[in-house]
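A closer look at the structure
The residues making up each chain are set out below.
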Amino acid sequence: MQSRRKALWLALSASWFLLVLLGSAPLLRLAAPPKPQPRLPQGWPHWLDATLLKSFSQPEELPEDASQPPSAPHGGSCNWGTCFDISKCRRDGLKVFVYPAAGPISKVHGRILASLEGSRFYTHNPTEACLLLLLLLLPGKDAPAPPSRPPPLHWNRGRNHLVLSLHPAPCPWASWLDQAMVAETSPLVDTFRPGFDVALPLLPEAHPFRGGNPGQLRQYSPHPGEALLALAEEKGRWRMAGINTSDCPWDGHCEWDPGPDQNHPQEMLPNATFCLIPGHRPEASYFLQALQAGCIPVLLSPRWKLPFSEVIDWTKAVIVADERLPLQVLAALQEMSPERVLALRQQTQFLWDAYFSSVEKVIYTTLEIIQDRIFGTAAHPSLQWNSPPGALLAPPTFLMNPQDLPFYHLPQGAHAEDRFSALIWVRTLGQAPLKLIQAVAGSQYCVQIVVLWSSERPLPPRWPELAVPLTVIEGQRKASDRFFPYSSISTSAILSLDSCISLSTSEVDFAFTVWQSFPERMVGFLTWNHLWNEAQGVWGYTAKMTNEFSMVLTTAAFYHRFYHTLFTHSMPKALRTLADEAPSCVDVLMNFLAAAVTKLPPIKVPYVRRQQEDAPLAPAGPGTGREPQLPAQDCINQAVAEFGHMPLVSSRLRLDPVLFKDPVSVQRKKYRSLEKP
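Residues numbered from 1 in each chain as written. Predicted model: local features only at pLDDT ≥ 70, side-chain atom pairs only at ≥ 80, totals over all residues. Heavy atoms only, no water.

1. Concerning the sheet that holds strand β3 (residues 161-165)
In spatial order, the strands read β1-β2-β3-β4-β5; together these five strands make up an open sheet with parallel pairing. Each edge of the open sheet is held by one strand with a lone partner, namely β1 (96-98) and β5 (198-200). Sheet twist, expressed as the average angle between the axes of neighbouring strands with direction ignored, equals 20 degrees. In the packing of helix α8 (residues 359-375) onto the sheet, contacts are made with β1, β2 (131-135), β3, β4 (181-185) and β5, and the angle to β5 comes to roughly 165 degrees. (Pairing = 2+ DSSP bridges. Helix = DSSP H or I, 4+ residues; strand = E, 2+ residues; numbered from the N terminus. Axes fitted to C-alpha atoms, helices over the stretch in contact; angles between N-to-C directions. Contact = heavy atoms within 4.5 Å.)

2. Comments concerning the state of the cysteines
Per the counting criterion, the structure on display carries four disulfides. Disulfide partner of Cys78: Cys83, at an S-S distance of 1.9 Å. Taking the sign of the S-S torsion, -85 degrees for the link of Cys78 and Cys83, the bridge is left-handed. Both residues of the pair, Cys78 and Cys83, belong to the buried class. Between the sulfur atoms of Cys89 and its disulfide partner Cys130 the distance amounts to 1.6 Å. In this structure the cystine formed by Cys89 and Cys130 twists about its S-S bond by roughly 55 degrees; its chirality is therefore right-handed. On the criterion of sequence distance, the pair formed by Cys89 in the loop between α2 (80-83) and β1 and Cys130 in the loop between α3 (107-117) and β2 is long-range, its members being 41 residues apart. (Disulfide = S-S within 2.5 Å. Buried < 20%, exposed > 50% of the residue type's maximum accessible area, 1.4 Å probe, protein only.)

3. Quick notes on the packing of helix α15 (residues 586-598) against helix α16 (residues 635-643)
Two numbers describe how α15 lies on α16: the axes approach to 10 Å, and their chain directions differ by 35 degrees. Where α15 crosses over α16, the handedness of that crossing is right-handed. For the pair formed by α15 and α16, the contact residues are Val588, Leu589, Phe592, Leu593 and Ala596 on the first element and Cys635, Ile636, Ala639, Val640 and Phe643 on the second. Of the residues assigned to the contact of α15 with α16, the class counts are ten nonpolar, no polar and no charged. (Left-handed = near helix turned anticlockwise from the far one by under 90°. Nonpolar A, V, L, I, M, F, W, Y, C, P; charged D, E, K, R; others polar.)

4. Describing the packing of aromatic side chains
Counted by the stated rule, this structure contains 23 aromatic pairs. Ring geometry for Tyr445 and Phe512: centres 5.1 Å apart, planes at 40 degrees, overall tilted. With a gap of 67 residues between them, Tyr445 in the loop between α11 (434-441) and β12 (446-453) and Phe512 in helix α12 (residues 505-517) connect regions that are remote in the sequence. We classify Phe512 as buried; its relative accessible area is 0%. Each residue in the set Phe287, Trp304, Phe308, Trp314 and Phe356 is aromatic and connected to the rest through ring pairs, giving one cluster. (Phe/Tyr/Trp six-rings, centres within 6.5 Å; stacked < 30°, edge-to-face > 60°.)

5. Observations regarding the confidence of the model for the protein
Overall, the predicted model of the protein reaches an average pLDDT of 76, with 71% of residues at or above 70. Across residues 139-148 the pLDDT falls below 50, and counting only partners more than four positions away or on other chains, this stretch makes six contacts in the model. Throughout residues 223-227 the model reports pLDDT below 50, and contacts reaching past four residues in sequence, or to other chains, amount to five contacts. (pLDDT = per-residue confidence, 0-100.)

6. Considerations on the nonpolar core
Phe420, Val440, Ile449, Leu497, Phe558, Tyr563 and Phe592 are the most contacted members of the largest nonpolar core, which totals 88 residues. Per element, the largest residue contribution to this core is ten residues, and it comes from α15. Grouped together as the second largest cluster of nonpolar side chains are 65 residues, Cys89, Ala284, Ile312 and Ala391 included. (Core = buried A, V, L, I, M, F, W, Y, C linked by side-chain atoms within 4.5 Å.)

7. With respect to the sheet that holds strand β18 (residues 551-552)
Taken in spatial order, the three strands of this open sheet run β17-β16-β18, and their pairing is antiparallel. Edge positions in the open sheet fall to β17 (538-542) and β18, since each of these has one partner strand only. Strand direction decides the pairing type here: strand β16 (residues 527-533) and β18, joined by two bridges, are antiparallel. Of the residues in β18, the one forming a bridge with Thr527 is Val552.

8. A closer look at helix α5 (residues 285-293)
Most of α5 sits out of view: eight of its nine residues are buried. All of the buried residues in α5 are Tyr286, Phe287, Leu288, Gln289, Ala290, Leu291, Gln292 and Ala293.

9. Side note on the environment of Trp453
Among the secondary structure elements, Trp453 is positioned in strand β12. You can call Trp453 buried: its relative accessible area is 5%. Taking C-alpha positions, Trp453 is 9.1 Å from Gln431, a pair spaced 22 residues apart along the chain. With near-sequence residues (within four places) excluded, Trp453 lies in contact with Val426, Gln431, Ala432, Pro458, Leu459, Pro460, Trp463, Val472, Ile473, Glu474 and Gly475. In this structure the side chain of Trp453 is engaged in a polar contact, spanning 3.0 Å, whose partner is the backbone oxygen of Arg457. (Polar contact = N/O pair within 3.5 Å; in protein donor to acceptor, adjacent residues only side chain to side chain.)

10. Topic: the pattern of salt bridges
For the structure on display, the rule yields 15 salt bridges. Between Glu368 and Arg120 there is a salt bridge, with the nearest N and O atoms lying 2.5 Å from each other. Of this pair, Glu368 sits in helix α8 while Arg120 sits in the loop between α3 and β2, and the two are 248 residues apart along the sequence. On the basis of relative accessibility, which here comes to 2%, the residue Glu368 falls in the buried class. With a relative accessible area of 38%, Arg120 lands in the partly exposed category. The shortest N-O distance in the salt bridge between Arg193 and Asp197 comes to 2.8 Å. (Salt bridge = Lys/Arg side-chain N within 4 Å of Asp/Glu carboxyl O.)

Structure, rendered in structure tokens:
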């Protein structure tokens, strides 16, 4: 009898041991939420852990995008095909009308209304709208019961309507929603209609309206053997605990040490690698905290739908596990490889910054999802949603293959173009830059020259004979014209030039070869630098020649034509107006766009200053050492206000050709004219 018990005990022990070793990792993978559609890999470029994290893009993770019809709703007859009339959107695309509020609204609701009214989707005329948005008030004792009030004027049984609800309580208006879509925070899985409703994150009352706080992940690589858990507690607090046998013995009970590692009440963000979040709906408020902190959310049998799961592949940032198997979950977390941990943490930072760090980004993401449904096959591919810079910074009006975008060259195995187009802007009182045209046309990489003529002077009767075609476009004498996505520009690489600049063919050739290695960044010759004026509490910038810079002038700079589309279609209307009123601000705005997209500084290349050529002057502003401009012309501070943060990144790097300024024979140097006075 004793030998039989011993054999049974050994068999059970061996089975449990094999379960922990072989079944823990599959446990997490099987419990992960299903992918809404095939996904492409994603990654954040230029991380310092390249040796540790070989690649985000594995060959076996490259499925092709395929358009899929929305899934059938749960417990309802409405879906995208039956309850939304796309014909209303064919003329002007997605235009949104917002019903005025009928009563007092919270701060979050006020920010949402302001965000919608300032977006490119907004219209004042409900008859022109493709989508009508009804913003529900937070339930309170002073708010009237929704069923008692009449439906909105253009309700039409809720067709082409979006009901936006920011409170996670069960919606009491389901009886009269009818054909309306619902955008609700943390909706229950059982009531959510995939492909029709939109799942929102639960925003705190003090969530930033624009810009938002950056992610808190500073240590790129987790320390081996120091995997930590943060356990969500009441009132937004977290408790830290280590994953080891002393903290959690393997006897079926897990007692967490309530020692000194508990977060301070004012410290709302956890400092851990994994954040354990219960699956009940009230605990959804911890989800955004974990994302911002770079703490991998471990959701224990969630009953609520993850936000924007229609387009975001949460399997790349979140772990979903069975709450009934705590020991296996902890074992799987402990055995997860450092490469996998790093990939998950980096993805949390990208998703936080791209879609969740501000109220404005949450609202714009909701509208982009609906717009993608309208566009169908022309919508953002999965790669753009799930890899930097994100779908909000890649407007669908830029209809190109993802391989042609500079951000996806590495995962797609593409390369930058080996040819460029020169766009020369002739200002109001300028004249034809014949010498500049000949120098640029002499470049072995130039395929065309486009002259944007905004001068009051008449066009010259003859242009020089060139080896490349020359096209003249008559502009409207607005500074923003130079960044319009002209169809006559045939290449992705653009050399932006002012007619007053002087460049040699060697300078152009070398700058272009540098840009080919950094196609997502701006590469230029002349630089400015931004600075903070502590005394006045404002931003300023200077044109003084120093080692540090954060902007390159579009007077002479290479960049991808994608930024023309971004400037024209995604730049806030107030900033585009500012660019036309103060033409010197266009350099600041273009550098703001590039820095906001790449999170990287521009690149400077050598420039030989010619005789009788003055240095470009920065517009006067706080901190420049000149008289400050009027507030309406202080473009850098207006840009910071519109962007919600300062995106510019300073650098001291200048790339020079080999043997530049070295005391060797000039005949041995490839770019000889760079050193000529």
